Amino acid sequence: MNRRPVWIQNIGELATLKASQPGPKKGAEMSNLGLIENGSLWIEKGRIEAVGTTVQLKQAYAARIEEADVIDAGGGLVTPGLVDPHTHFVYGGSREEEFEKRLQGFTYMEIMNAGGGIHSTAEKTAAASFNGLYNEARVRLDLFLRHGVTTIEGKSGYGPNLETELKQLRVMQALNEKHPIDIISTFMGAHAVPKSYAGQEERYVETVINEMIPAVMEEGLAEFIDVFCEKDVFSIEQSRRILMAGKAAGLLPKIHADEIVATGGAELAAEIGAVSAEHLLKTGPAGIKAMAEAGVIACLLPATALFLGEEPADARRMIDLGVAVAISTDCNPGSSPTVSMPLVMNLACLMMKMTPAETLTAATYNAACAISREDSIGSLEEGKQADFVLWNVRSYRELQYRFGVNHVHSVWKRGELLVNGFNQ
Ligand SMILES: [Zn+2]
């Protein structure tokens, strides 16, 4: 590991994302990027020691510049490393044949009810070896990194049984140790009712509560718990029981809510104090209001809406009513097989009418809040981890304007240069 200080200077636009108060950014504060023109960062032992203008830090560190690795950002844009707070990136197989079926007019739920969808991924994930899953997920993580992501959340949920659930979580744990991207794990045993439990949904809910949660906790494999609360999947009442059991065991609740049908998932998220509620395509004003009052973060996934041909979530109304919004790829083989947070930022603007500034907040600081990591990542401030991206553009506005392109130049994680655009 590089223990020399690193001095990044000549940053044309430094988006620090510094927050004026604790907790996620809401309303107008989502547009406050803490911009510094001609910015600079001084990094010691993987942490940010100072943030300011190039002139300020040049003066402050004049006596130490010789001992530092000096990086010239060439007038480019620097932002915090992107945070992807909602993925299912550990899975077996691929589902491109379903994609073609959907293009012919079959719906996602029709395919799932015919034994495809989550069930087909669950079978392939169960059949895959630990090493097979590990290697495929590692390749995906490398791609995330090249698209500027330095921290990612990952969910289990493709296990038709406890053994496969644990295998997915162990793969994430091993990758977290070996791969430079930090991985936050979420147990999502309640992603679908396995085929082997068909017609016995209640028995499966009991299995999740009484067998799976204790096994996950015993190995310390997860920090969050999530449920696919949806019509014909897990009801409000079942979701509440599972999430409360997880909470009692020490897991922080998240919830896939109101994605296909509005069943009251947003209200449930507010009721149980979930950290975030995900998707929210069909959430109405009452659900949004409940989330705002309870401080639940909305984690919106526009790539999924695009891929499924659905209307996106009502991000504008959420922001205007005071809900903190985060965005994510939802990387998964069925409804969003992308690893590109830059694309998701573009889609947040184009599909949900979020502004470029709100979009950057949603992909960095608020995304960090959605995985309870805002104390160490998500913004570039003294004492935080030195996770940041240098982009091949001069302003954050260009990132959203020149859409569909990966503008990443270089990526640092804990002060280490991991994606190096300087040699190209
Ligand atoms: Zn999901």
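Just so you know, these numbers come straight off a predicted model, no measurement behind them.

Regarding its fold elements, the protein presents 16 helices and 16 strands. Relative to a compact globule of 424 residues, whose C-alpha radius of gyration would be 22 Å, the protein shows 21 Å and is just as compact. Principal-axis analysis of the C-alpha atoms places the extent of the protein at approximately 70 × 45 × 45 Å. Of all 424 residues assigned to the protein, the portion counted as buried reaches 60%. Intrachain contacts of the protein at a sequence separation of at least 6 include 72% that bridge at least 24 residues. Split by element, the accessible area of the protein, about 16,000 Å² in all, is 51% carbon and sulfur.

Let us look at the packing of helix 8 (residues 236-249) against helix 9 (residues 265-272). Taken N-terminus to C-terminus, the directions of helix 8 and helix 9 make an angle of 30 degrees; their axes are 11 Å apart at the nearest point. As summarised for this structure, helix 8 and helix 9 are arranged roughly parallel, according to the angle between their axes. You can see that helix 8 and helix 9 cross each other, and the crossing is right-handed. Two secondary-structure elements touch here, helix 8 through I236, S239, R240, L243, M244 and K247 and helix 9 through G265, L268, E271 and I272.

Even without being glycine, L17 reaches a positive phi, approximately 65 degrees. Looking at where L17 falls in the secondary structure, it is placed in the loop between strand 1 (6-15) and strand 2 (35-44). For L17, a relative accessible area of 0% translates into the label buried. Even without a glycine there, the phi angle at K45 is positive, about 50 degrees. As for its position among the elements, K45 is in the loop between strand 2 and strand 3 (47-53).

By the definition in use, this model includes 27 salt bridges. In this structure, E202 and R241 form a salt bridge, with 2.7 Å as the shortest nitrogen-oxygen distance. Of the two residues, E202 is situated in helix 7 (residues 201-219) and R241 in helix 8; the sequence distance between them amounts to 39 residues. Judged by relative accessible area, R241 falls into the partly exposed class, the value being 25%. The partner of R373 in a salt bridge is E223, with the nearest N and O atoms 2.8 Å apart. In this pair, R373 sits in the loop between helix 15 (365-370) and strand 14 (388-391) while E223 sits in the loop between helix 7 and strand 9 (224-229), placing the two residues 150 residues apart along the sequence. In the salt-bridge network here, residues are joined through shared partners; they are D182, D387, K413 and R414.

On to helix 14 (residues 356-363), then. Because the α-helix completes a turn every 3.6 residues, residues three or four places apart line up on one side. Most of helix 14 is tucked away, with seven of its eight residues classed as buried. Of the residues making up helix 14, those classed as buried are A357, E358, T359, L360, T361, A362 and A363.

Moving on: the coordination of the zinc ion. Around the zinc ion, the protein supplies H86 (NE2), H88 (NE2), H256 (NE2) and D330 (OD) as donor atoms, at distances of 2.1 to 2.6 Å. In this structure, the zinc ion is coordinated by four donor atoms arranged in irregular fashion, with angles at the metal of 76 to 161 degrees.

Criteria and thresholds
Residues numbered from 1 in each chain as written. Predicted model: local features only at pLDDT ≥ 70, side-chain atom pairs only at ≥ 80, totals over all residues. Heavy atoms only, no water. Helix = DSSP H or I, 4+ residues; strand = E, 2+ residues; numbered from the N terminus. Rg over C-alpha atoms; globule rule 2.2 N^0.38 Å. Buried < 20%, exposed > 50% of the residue type's maximum accessible area, 1.4 Å probe, protein only. Contact = heavy atoms within 4.5 Å. Areas by Shrake-Rupley, 256 points an atom, 1.4 Å probe, with all protein chains shown as cover. Axes fitted to C-alpha atoms, helices over the stretch in contact; angles between N-to-C directions. Parallel < 35°, antiparallel > 145°, perpendicular 65-115°, else oblique. Left-handed = near helix turned anticlockwise from the far one by under 90°. Salt bridge = Lys/Arg side-chain N within 4 Å of Asp/Glu carboxyl O. Donors = N, O, S within 2.8 Å, 3.2 Å for Na, K, Ca; no water. Tetrahedral: all angles 85-135°; square planar, octahedral: opposite > 155°, others 65-115°.

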